[in-house]
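Structural characterization, general
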Amino acid sequence: MTTTLTSKKKQPKQGMLDNVMRQFNNAADIIELNTNIRKILEVTNNEFVVHFPVRMDNGEVEIFTGYRVQHNNALGPYKGGLRYHPTVDIDAARALAMWMTWKTSLAGLPYGGAKGGIQLDPTKYSQDELQRITRRFTYALGDNIGPELDIPAPDVNTNPQTMAWILDTYMSTKSPNERSKNLHVVTGKPIGTGGSEGRDRATGYGVFLTIKFWAEHNTIDLKNKTFIVQGFGNVGYWASHFLKKEGAILIAVQDAYGSIHNHESISPEKLLDYAKANKGSISGFAGANVIDNAEFFGLDCDICIPAALGNQVTVDNAHDIKARLIAEGANGPTDVKAEEILLKRGIDIIPDILCNSGGVIGSYFEWLQNRNGEIWQLDEVLEKLERKMRESFNKVMYKTKTKNLDMRTAAFVIAIERLEETYVQRGIFP
Ligand SMILES: NC(=O)C1=CN([C@@H]2O[C@H](COP(=O)(O)OP(=O)(O)OC[C@H]3O[C@@H](n4cnc5c(N)ncnc54)[C@H](O)[C@@H]3O)[C@@H](O)[C@H]2O)C=CC1
Ligand SMILES: O=C(O)CCC(=O)C(=O)O
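Procedures and definitions
Residues numbered from 1 in each chain as written. Chains lettered and ligands numbered in written order. Predicted model: local features only at pLDDT ≥ 70, side-chain atom pairs only at ≥ 80, totals over all residues. Heavy atoms only, no water. Helix = DSSP H or I, 4+ residues; strand = E, 2+ residues; numbered from the N terminus. Rg over C-alpha atoms; globule rule 2.2 N^0.38 Å. Buried < 20%, exposed > 50% of the residue type's maximum accessible area, 1.4 Å probe, protein only. Contact = heavy atoms within 4.5 Å. Areas by Shrake-Rupley, 256 points an atom, 1.4 Å probe, with all protein chains shown as cover. Lys, Arg positive; Asp, Glu negative; His and termini not counted. Charge placed at Lys NZ, Arg CZ, Asp CG, Glu CD. Pairing = 2+ DSSP bridges. Axes fitted to C-alpha atoms, helices over the stretch in contact; angles between N-to-C directions. Near = heavy atom within 4 Å. Polar contact = N/O pair within 3.5 Å; in protein donor to acceptor, adjacent residues only side chain to side chain. UniProt positions renumbered as here; feature names shortened; annotations may be inferred. Salt bridge = Lys/Arg side-chain N within 4 Å of Asp/Glu carboxyl O. Core = buried A, V, L, I, M, F, W, Y, C linked by side-chain atoms within 4.5 Å. 1 Å grid on protein atoms, 1.4 Å probe; cavity = no way out; pocket = protein on both sides within 12 Å on 5 of 7 lines; lining within 4 Å. Points joined across faces, edges and corners; volume = space filled by probe spheres on them. Nonpolar A, V, L, I, M, F, W, Y, C, P; charged D, E, K, R; others polar.

1. Considerations on the overall build of the protein chain
The helix and strand tally for the protein chain stands at 14 helices and 13 strands. Compactness check: the protein chain gives a C-alpha radius of gyration of 21 Å against a globular reference of 22 Å for 430 residues, within 12% of the reference. In terms of its C-alpha atoms, the protein chain occupies a principal-axis envelope of roughly 60 × 55 × 45 Å. Taking all 430 residues of the protein chain together, 60% fall into the buried category. Sequence-distant contacts in the protein chain: of pairs separated by 6 or more residues, those separated by 24 or more amount to 70%. As displayed, the protein chain offers around 17,700 Å² of accessible surface, 48% of which is attributable to carbon and sulfur atoms. Here the protein chain holds 49 positive side-chain charges and 51 negative ones, and the gap between their average locations is 4 Å.

2. Structural notes on the sheet that holds strand S8 (residues 249–255)
Strand order in the open sheet formed by seven strands is S10-S9-S8-S7-S11-S12-S13, and the pairing between neighbours is mixed. In this open sheet, the two edge strands, each paired with only one partner strand, are strand S10 (289–291) and strand S13 (348–350). Across the sheet, the axes of successive neighbouring strands diverge by a mean angle of 20°, strand direction being ignored. Relative to strand S11 (residues 303–306), strand S7 (residues 226–230) is paired through four bridges, and the arrangement is parallel. For Val229, the partnering residue across the bridge sits in S11 and is Ile305. Against the sheet, helix H7 (residues 199–217) touches S11, strand S12 (325–327) and S13, its axis set at about 145° to S13. Helix-sheet contacts for helix H8 (residues 234–245) involve S7, S8 and S11, and the interaxial angle to S7 is about 170°.

3. Remarks on the site of ligand 1
Near ligand 1, the surroundings consist of 23 residues, among which Asp155, Asn157, Thr203, Ala308 and Asn331 are the closest. At a separation of 2.6 Å, an oxygen atom of ligand 1 approaches a polar side-chain atom of Asp155. Within the backbone of Asn157, an N or O atom sits 2.8 Å from an oxygen atom of ligand 1. Sorting the residues of the shell around ligand 1 by element identifies H7, H8 and S8 as the ones contributing at least two each.

4. A short note on the UniProt feature "coiled-coil region" (unreviewed entry) in the protein chain
The sites that carry the UniProt feature "coiled-coil region" (unreviewed entry) are, in the present numbering, residues 368–395. For residues 368–395, the end-to-end C-alpha separation is 24 Å, with 82% helix and 0% strand making up the annotated structure.

5. What about the environment of Arg418?
Looking at the secondary structure, you find Arg418 in helix H14 (residues 407–426). Judged by relative accessible area, which is 24%, Arg418 ranks as partly exposed. With residues up to four places along the chain from it excluded, the contact list for Arg418 reads Leu75, Thr104, Ser105, Gly108, Leu109 and Pro110. Of note is the side chain of Arg418, whose polar atom sits 3.0 Å from the backbone oxygen of Ser105.

6. Description of the pattern of salt bridges
One pass over the full model with this rule turns up 25 salt bridges. In this structure, Glu148 engages Arg371 in a salt bridge whose closest nitrogen and oxygen atoms are separated by 2.8 Å. With Glu148 in the loop between helix H4 (127–141) and strand S6 (150–154) and Arg371 in helix H12 (residues 358–372), this pair connects stretches of sequence that are 223 residues apart. For the salt bridge of Arg390 with Glu216, the shortest nitrogen-to-oxygen distance reads 3.5 Å. A residue pair is termed long-range when its members are at least 10 positions apart, and Arg390 in helix H13 (residues 378–403) and Glu216 in helix H7 qualify at 174 residues. Residue Glu216 is classed as partly exposed on the basis of its relative accessible area, which comes to 42%.

7. Topic: the nonpolar core
In terms of nonpolar packing, the biggest core is built from 89 residues, with Trp102, Ile211 and Ile305 touching the most fellow members. Among the elements that line this core, the one with the most residues is H14, at ten residues. Discounting chain neighbours no more than four positions away, the residues touching Ile305 are Val207, Ile211, Phe227, Ile228, Val229, Gln230, Leu243, Ala327 and Gly329. The next biggest cluster of nonpolar side chains, apart from the first, holds 25 residues, and it includes Val50, Val54, Ile133 and Trp165.

8. Looking at empty space enclosed by the protein
A full pass over the atoms with the stated rule returns one cavity of 30 Å³ or more. Reported here for the largest cavity is a volume of approximately 30 Å³. If you trace the largest cavity, you find it lined by Arg83, Val88, Ala92, Ala93, Leu96, Lys115 and Gly116. Listed by contribution, the elements that provide at least two residues to the lining of the largest cavity are helix H3 (90–106) and strand S5 (113–118). Looking at the lining of the largest cavity, the element that brings in the most residues is H3, giving three residues.

9. Remarks on unusual backbone geometry
Phi is positive for Thr219, which is not a glycine, with a value near 45°. Note on placement: Thr219 falls in the loop between H7 and S7. A residue is classified by how much of its surface remains accessible, and Thr219, at 75% relative accessible area, is exposed. At Asn311, a residue that is not glycine, the phi angle is positive and equals roughly 55°. Tracing the backbone through its elements, the reader meets Asn311 in the loop between S11 and S12.

10. Thoughts on the side chain of Glu47
Examined against the element boundaries, Glu47 turns out to sit in strand S2 (residues 46–55). Accessibility expressed as a relative area gives 3% for Glu47, which makes it buried. A distance of 2.7 Å separates a polar atom in the side chain of Glu47 from a polar atom in the side chain of Thr44. Of the polar contacts made by the side chain of Glu47, one reaches the side chain of Arg94; its length is 2.7 Å.

11. Digging into the site of ligand 2
Taken together, the neighbourhood of ligand 2 is formed by 13 residues, with Lys79, Lys103, Lys115, Arg199 and Ser363 sitting nearest. Contacts to ligand 2 include Ser363, whose side-chain N or O atom sits 2.6 Å from an oxygen atom. Within the complex, 96% of the 290 Å² of free accessible area of ligand 2 lies under protein. Residues that form the shell around ligand 2 fall into these classes: three nonpolar, five polar and five charged.

Right, here's the structure in full:
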């Protein structure tokens with residue numbers, strides 16, 4: 001097992017990392033960010049790369065590579081999800097960690113940003129194998145995570161069960177007297193293991209709320225508005241569920257297995273039941289027609305919700321998009337060049353660091369409850385979540401108006417200004 005720690009080292013820029021750096025530099029230029037603070041924010045604080053062996057069901061040992069990148073902790077402990085996917089590598093973890101720093105700052109949370117995961121295709125492993133992989137990864141990370149240091153949460157292909165395994169493994173390394181003080185080492189846990197009511201739907205509910213606020217802002221009625229969703233996991237499903245409750249109509253879905261379309265409507269609840277019984281896949285669902293993946297983003301609709309992976313809306317499909325609004329459930333789904341095209345075409349984009357921030361806000365509520373020995377009811381959690389998201393949305397809209405900025409740049413400016421303020425107040429970089 002090896003651990004590599006790279007501190008304050010310049011990184012090459014490409015893919016999602018290139019995107020987030022361009023977004024950051026654009027906003028930093030606009031506010032003429034102090035050059036010393038810019039130097040700090042453009043690199044990650046710590047990077048852990050761990051290789052660890054796990055016994056497979058057939059008795060063979062396989063070596064896995066896991067990552068945890070801690071970008072910045074000026075505002076509080078590092079916070080962010082763990083992703084299990086073949087595309088996880090050091091640059092993906094760096095980019096996603098940076099987005100977490102801007103997201104927690106914009107949301108006004110006492111957190112910094114981190115992200116990580118394991119490079120693997122979870123469909124190739126049994127539940128027992130995934131449990132052993134998760135436990136060995138947790139041992140490998142050791143005390144580089146912790147309830148007041150760095151707090152992981154679910155992301156793509158990880159879920160409350162994954163968090164429960166991490167919690168159990170982490171706690172087993174502590175003395176009995178210390179164990180109960182470590183419940184908040186991860187968030188997004190099952191309710192029976194210290195999880196919070198509402199964390200399951202927090203991200204999708206937040207996506208829905210930002211769409212609702214945007215519609216109110218533009219005096220648009222969401223009733224009978226059509227929407228399409230890429231990614232029908234935790235975020236995609238819950239966003240669809242709440243939009244449907246508001247009267248909007250889901251007409252197309254794309255996941256890792258294919259794309260389906262029904263111009264009349266697709267029931268999110270029926271599709272979820274189907275996917276649950278079909279190893280998570282929407283393919284074969286009887287309530288819609290199969291379409292070519294390449295057609296998906298060009299479908300006629302009012303709202304497009306990318307809620308899967310990064311770099312999905314690109315120069316290759318930005319010209320085809322018919323939606324009036326893109327609501328970024330995923331992290332980094334729109335690349336910088338595609339965004340230029342979309343903005344010129346008058347398409348609004350609710351940026352990821354605002355749109356999907358309900359997840360980390362829900363996590364913050366779970367962390368607070370664990371820390372204080374409290375248990376909140378679902379309606380209390382959702383009310384608090386709505387209040388926080390409305391505050392962030394209003395701040396972003398005010399900045400777009402007063403500084404004549406698009407929503408992403410406005411959100412980045414607010415996030416970076418908060419970090420700048422803390423560095424200046426500490427007196428380190430006046
Ligand atoms: N889970 C959370 O609380 C949060 C998640 N996010 C972001 O939302 C996005 C989705 O996350 P979750 O819903 O949690 O993941 P998930 O694992 O529950 O679902 C992922 C979905 O994306 C689909 N997908 C994977 N590869 C795809 C591809 N190449 N094309 C189309 N669809 C594909 C999968 O089939 C699945 O339906 C990610 O970008 C994640 O970082 C952001 C904030 C919080
Ligand atoms: O809930 C959290 O701590 C972070 C969720 C996450 O990974 C994200 O917002 O991208």
